[in-house]
Structure formats: structure tokens, C-alpha cells
2 protein chains.
Amino acid sequence: MTAEILCVGTELLLGNIVNTNAAFLSRELAAIGIFTYYQSVVGDNAGRLKESLALSLSRSDIVIITGGLGPTYDDLTKETVAKYFGLDMKMHEESLERLKKIFAPSNRQMTPNNEKQAMMPEDCVVFPNNYGTAPGLAVEGKNKTVIMLPGPPREMEPMYVEEIKPFLLKKQSDKIKILVSKTVHIFGIGESQVEYKLHEFMQNAINPTVAPYAKEGEVELRVTASGSDENECVSLIDPVINKIKSEIGEFIYGIDVKSLQNAVVLKLREKNLKLATAESCTGGLIGKRITEISGCSSVYLGGIISYDNSVKINKLNVRQETLKQYGAVSEQTALEMCKGAAENLNADIGVSTTGIAGPDGGSDEKPVGLVYVGVYYKNKKTGEIIHKAVKLNLARRMHKDEREMIRYAASSNALYEVLKLFIEI
Amino acid sequence: MTAEILCVGTELLLGNIVNTNAAFLSRELAAIGIFTYYQSVVGDNAGRLKESLALSLSRSDIVIITGGLGPTYDDLTKETVAKYFGLDMKMHEESLERLKKIFAPSNRQMTPNNEKQAMMPEDCVVFPNNYGTAPGLAVEGKNKTVIMLPGPPREMEPMYVEEIKPFLLKKQSDKIKILVSKTVHIFGIGESQVEYKLHEFMQNAINPTVAPYAKEGEVELRVTASGSDENECVSLIDPVINKIKSEIGEFIYGIDVKSLQNAVVLKLREKNLKLATAESCTGGLIGKRITEISGCSSVYLGGIISYDNSVKINKLNVRQETLKQYGAVSEQTALEMCKGAAENLNADIGVSTTGIAGPDGGSDEKPVGLVYVGVYYKNKKTGEIIHKAVKLNLARRMHKDEREMIRYAASSNALYEVLKLFIEI
């Protein structure tokens, strides 16, 4: 089965929003063995939508359309598809009841054009929308299926996962029973290097498949197996993960841990340890990332954003002579900052960043991208202390957003250094 | 003139990367009066690329292709376009020289397939690449133009701005001389409300045009005029901005100020005042956003991330009885936090957040989305003190990333409250 994605919306053609739907759907389809040969975008225009639909159906088995299911006059996806297949539009009572329930508790009145969202082509499959008002639907012709989903990603993505994926898997049910994935989380090595080391292996992998995703300095490898039950899938996946570990194990910080910050929170919770942060160049970004995790309060006490030297001195006990002799961006300052954070906030672990994020402030001796990460860990039981700093060159020359890339990479390295206290990476 | 965007790359069809190029180009083209009717994506496949190119040229005046200009065997954009127009490929000596210069200082050897990047269809226009190895190019047929650009956004975007935009403006030179834009920054009102209030006015605007952009809780209106010189453009823009102010002035926080955090830094620099932050639910996000601005160190001292109550008490002087009587998420705590930040970090202004970001931790009395923002400002000259807290309901029910949306909205409101100290919003 081949698929094609057709996104409808003038706001996409004006460039007001980036089309994340096409990427999401292509990635999800690939994970269940359906390849996307084309992605297209058209505006809210009946004529061009009809032409694009005809073209898509001429070359693909499944066409997934996003957008144009809303209540206004220029939402015309359902109507266009119905006309193409010669189907009448009818009120779908179940969807109408759902709509009424959504509007009832709020003060908003349900206007007649809202009812339009419950009008459906006859004999279609309707998918309820748990995150908005417009339901999804599927129309099935001979060997061709058109699936229509709401445009907003926060409605479309859960609808895909909860409704469309099972719907598509059922179509393939002779071949695939269930799918299980495990994700290998990698830090400190680029996607191209991962691909270089594992290229042949990844290309030849059929069951399980191995798909790489690069995300802001990290790489994830998603290993997906199909089988008749979970045990069979896992028994296919695990040897592949072992093979990956044997090649690039030194860069793997976890399996299915979601993110560096999540891995840190999980590990500290397991060890029952408290963390404090001391941030200069990252300005709060480490704290922000840790506090993305709901429930992090059991391990994260807080931190000091010491952008100005006065805060480094007064709130982190960095010595004036250290700043004078070595400068704010130095190994010595990073070391004093993380110790100060741990001691002043009464934490087991302190982590610090200080660096030149640019674009200004660099010099030959201390160029833009130079960052020091400090870690301090006092084991309260043994009294043992780990206290160290790493020097990083995070310059991303020729990048438009170099400052933000350096800061993000610095925060990732800080989280990574905390993890490295406990796992052999 | 109408345009169409054709992005080439199997990684797009696998969903490994999101197609930001299409949005960038559509937005930029719209700004110079060229509307995009279609965006398409095809893989690195000569047959499908040729078919897509033919379709695009049949319906649009300008086709912009991104991707497939690199050195490997599956980069075949130039070759496919040349064949379509019946043009021979020739070595472009100037580009070859540039390539040699790029490779010379590094230890990387320039392999023969790298030279492929300097092969060009005869008689094309070549655009140098200042951020990578593959040059861009344009092939002009009768009334049809195909422009080919490198795929990586960090190479493509500056090439568009520096080379392609002037190239396209020259094509339209009879009509448009220069373009000038001003951006109106709006906070505290949704995009749909802005459109509701200004709908007819925005739809009828021709010169200048008025285009809305919604970005994470803020709305921007870009007012763009074309004229023979800057003065003429500005004299067209300013009355339109005044009209916008008369309709929604209470929500406008600046013209051409880039972002809330930038507006804060500019205003504090103008007033020569220092800011400190005290963050609970935002966990460092306010600090992170302020420190995005290079040079913010002249106004931002730093802050305390007081996720745990012990940090609120010890580092922000929040009284234990306040926490006991009113709770950490309360007006009283917000008030003590901002005052503590200003006093302890020796700043003129302190701003604080405390709230329930969810998904856990909510109750009937204090539901998810309840956030207090506190501001403390002591005017050192007059001794006058402003000390207040606002209560916000930032719940975004049915949103997948509700926690992050609440936190971001809380940080935006905190920045907005700092601005409101000085400008009549």
C-alpha cells in the first residue's frame, strides 16, 4: 500500500504556519510499513482541491487529507470528496450529539454553521475527535481509501494514534498483527555519524525496522517490530538493540526514556537524590527543561540564574578573585558555581553552565561557543565527592540561530553530565 | 505571477524532517506580491521529479525547487530540469573555484562527486552559496522560471534573502520599486478575535497589505507597503497602523520590537533599570527567554528558580506562614517572591510566577492553569513602590502539551506585566 498526503489550507500557502502534519503522518505511516510517495498542499479552493484529489487517487492507494473540516464556508474537504465519489451528505446524529455536549457547558452558542461539522458523506466511517469539534472520517472506494482529518496538529495527532492507526492496521491485518517499538536515545554523536556507522545494518533491517530521528543535537533510533504478540516483537527487537549498543554504546544514554531531562528525573528519583542548577549562559534553560517533566519536584529543588557576576558572587559563593583571575567563563568559575548551587540550595548534586553564547562577547582566547559545564556531587552516605568541569566547543558557525543552538547544546551537555554520574556511558 | 514550491527529498517523505522551506518561501513570496497556489514534496527519484516538474510548470509561472543539489548520486534536481528544457550540463568554473576554496583550508579532500555541485545547465543564472557548498541556480524558459535552491534551511534562507528576492523583484520591476514592512505586536487577545475586529479592513487592504501571524499566544500584524522610496511606503503604512491602534490599541505592546522579551530588554535599557526573576511554575523559562537577547546582561541580573518551597523561603524570603496559610500558589506568595527577588539580587524590578502547570496537582479550588504573576518595582529616585499580583486562568483544556502551553503563557504574562509598568497598554 502506498499513501499520499494532501494538506488543505490557505494559511499553509501563505506560509503562516509550518506543515508539521505531513511529517507526522509520513513518519507514522512508514512505521507501519506504508510509504508516502507525495505530499501536497492546496488552498481552501474547491476546484484545485478536486483536481489534486483526482491526481492523488490516480497514483496512490490511500490519500490522507488534513484540514478543511471546520464550520466555515471555506471548509470544503468533505463536500469535495463526497462529490468526487458521488455520495450524498447526511447529518451524522452521533457527531451532532457530541457537538451539542461540547458546546453545552460553555457559554458559547452553537450556531448553524457548527452543525455543518456533523454532516458526513453517506456510508463513511466516522472517527470521534477527543480534542476538538470536527470529527475525522474515511470514505472507501474500490481499492482506494480517502481519510480526512482535522487540520490542527493537537487534534490530528491523537486522532491518528487512537483511531487511524488501528483502522489502517486492520486493513493490513493478514500481514501484521501488532507493532512494538523501542527507542534508543543517543547523545554526543551526529545523525550522519550514526548513519555512517550503522548504514548497511539500518538499510537491511526489515523486521524490526530501524529509523533515525535527529532532534536538536540528539539522535533517536526507533526500532519497530511486527509480530503476533508483544513477546515475539520484543524478542525481535532486543538483539537489534544489542547490535546497536555494540557499535555506538558509548553514546547511548537510555532506552525509551523520552528525553535527556526525563532520563535525569527518572535516574535521580531512582537514586533518591536532589538537584540544583546554576546557570549563566543558559539563563534558566536547564531549569526550564527539567521542569517540563510533571512530578520533577521530587528531585529538582530549583536553581540560581547567575547572569550577572554579582549573583555568582552573592548567591553561589563564587570568589571575586576567581572571576578576576580566570574570568566568568572558565573552568574554575564553573566548578565554584555548581558547588555553590548544591551547598546553598541544600542539594546532593549541583550542575552549572558558563560560556560565550554570542554573537557578541567572543575573543581569540574565548571564542563564541566556548562553554564550561560543572558538576558537583556529594554522596551523603560515603562522603565521597565528585567535582569536575568539562570544556566544550559548541560553536555552530554559519547558523542563523547560533546563540540559541549553543545555549540548547550547553543545557543538553549539562543534563548529560548529571546522567553520567550514574550510568556508564 | 504565481509560484509553486517543489521540495525534493526522501527524508521529507519519511517524515524525518519537517518542511520549513515551503512555509518560509511562501511567506517571503507573499510579501513581494507573488502568491503560492501549490506546495509539493517528492522523493529523490528522477521519474517522479520529472512528472512533478511538468505538472508544476503547466500551472504556475515560477517553480522554486529546494533540495537535490548535493554531491551524491541521488541528487538529481539540476540534471532533471536541464533534461526537461533540453539543456546540456557544463562545468561552471566560478563555482568550481569557490568549491576548491571551501575545501582548501580543511583537511577534507575534494572528491570528484563534489565537483558535480559546480556542473550547471548551460545559460543558467548561478547564485553563490555563502553558507554551504551547493550553489543555487535559475533556468528561464518562455514565461516560465525554475529556481533551484539547496535543501538545508540555513543555506536556503539566506540565499533567498540575498539573491533570489532581488532576482524576483527585478522581474517585477515595472510594478514594485521597494517594499517596507512594519510589524504590530499584540498580546492578550487571540488571532481569531483580531481577525474578527479587523476582518473587513484586513481583507480590503491592498497597499499596504495587512497579514496576521499567530505565534504561541501572541499575534503579529505585518503591514507591508510598496512604493518608489521608503518615505512613500512609510506614509502609506502609518495611517494603517493608527487605524489598527484605534481598534485594538489596548493590546498593542510595540511596533517592530521583535518579541515580548526583546521589548522588555529595550524598555529597561532605555530606563536604565535592572531586573531579577523568581520562577516557580515556569522553572527558568522567563530567564531563558530574556537571555535569548544578546546584550541583555545590561538589564538582567539573573534570578531564583524556586521550585521547592525551601528555595522560596531561603532564597526569596517567602514567609513560612504565608506558604502555610495561603499555599505556594497564591497571590501572597507571588507578591513575596517578586519582592524577594528584587531585594536579594539588588534589582530595581522583580517579577515572579507561581501556578499549577499540570497535568497533576490541580484541585477544585486551585485548578490546572491557575497562575499568579507578581511584580515589584521600587523607583530609586522617588522611593515610589509598585507591588502587585495578577491572577490568571491559563488552562488550555484538550491540548496535548497543556503543561508547556500554560508555562509559556505564564512567562509571556510575566514579561507583559514588566512592560506594563512603563507603557500604557
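Our structure is the block above this text.
Residues numbered from 1 in each chain as written. Chains lettered and ligands numbered in written order. Predicted model: local features only at pLDDT ≥ 70, side-chain atom pairs only at ≥ 80, totals over all residues. Heavy atoms only, no water.

Undergrad: Please set out the packing of aromatic side chains residue by residue, giving values where relevant.
TA: Tallied over the full model, the rule gives 14 aromatic pairs over all chains. Aromatic pair Phe-127 of chain B and Phe-167 of chain B: ring centres 5.4 Å apart, planes at 80 degrees, arrangement edge-to-face. In this pair, Phe-127 of chain B sits in strand S6 (residues 125-127) while Phe-167 of chain B sits in helix H7 (residues 153-171), placing the two residues 40 residues apart along the sequence. The same class applies to Phe-127 of chain B and to Phe-167 of chain B, which are both buried. For the pair Tyr-377 of chain B and Phe-422 of chain B, a centre-to-centre distance of 5.4 Å together with 65 degrees between the ring planes defines the contact as edge-to-face. Here Tyr-377 of chain B is found in strand S16 (residues 370-378), whereas its partner Phe-422 of chain B is found in the segment after helix H15 (402-420), with 45 residues between them in sequence. Taken individually, Tyr-377 of chain B and Phe-422 of chain B each receive the classification buried, so the pair is uniform in this respect. One cation-aromatic arrangement involves Arg-59 of chain A over Tyr-38 of chain A; the distance from NZ or CZ to the ring centre is 3.5 Å. Positioned over the ring face of Phe-201 of chain A is Lys-243 of chain A, at 5.7 Å from the centre of the ring. (Phe/Tyr/Trp six-rings, centres within 6.5 Å; stacked < 30°, edge-to-face > 60°. Helix = DSSP H or I, 4+ residues; strand = E, 2+ residues; numbered from the N terminus. Buried < 20%, exposed > 50% of the residue type's maximum accessible area, 1.4 Å probe, protein only. Lys NZ or Arg CZ within 6 Å of the ring centre and 35° of its normal.)

Undergrad: Lay out helix H8 (residues 191-204) of chain A with the relevant residues and their values.
TA: Since the α-helix advances by 3.6 residues per turn, residues separated by three or four positions end up pointing in the same direction. All names here are of chain A. Its axis deflected by about 75 degrees at Leu-198, H8 carries its strongest bend there. All of the buried residues along H8 are Val-194, Leu-198 and Met-202. Summarising the contacts, the buried residues of H8 are in contact with strand S9 (178-187), strand S10 (209-215), strand S11 (218-227) and helix H9 (230-248). (Bend = angle between axes of the 7 residues up to and from the residue. Contact = heavy atoms within 4.5 Å.)

Undergrad: Any chance you could break down the pairing of strand S1 (residues 2-8) of chain B for me, citing the residues and the numbers?
TA: Residue and element names in this part refer to chain B. Of all the seven residues making up S1, seven are buried; the element is thus mostly covered by neighbouring parts of the structure. Going residue by residue along S1, you find Thr-2, Glu-4, Leu-6 and Val-8 tucked away on one face and Ala-3, Ile-5 and Cys-7 tucked away on the opposite face as well. As paired elements, S1 and strand S2 (residues 35-42) share seven bridges and run parallel to each other. Paired with Ala-3 across the two strands is Thr-36, which belongs to S2. (Pairing = 2+ DSSP bridges.)

Undergrad: An account of the relation of the copies chain A and chain B is requested, with residue identities and associated values reported.
TA: When chain A is fitted to chain B, the best match, at an RMSD of 0.6 Å, comes from turning it 180 degrees and sliding it 0.3 Å along the axis. On the angle and the small slide along the axis, the relation comes out as a two-fold axis. In this assembly, 97% of the residues forming the interface of chain A have copies in chain B that are likewise at the interface, indicating an isologous arrangement. (Least-squares fit on C-alpha atoms with pLDDT ≥ 70 in both.)

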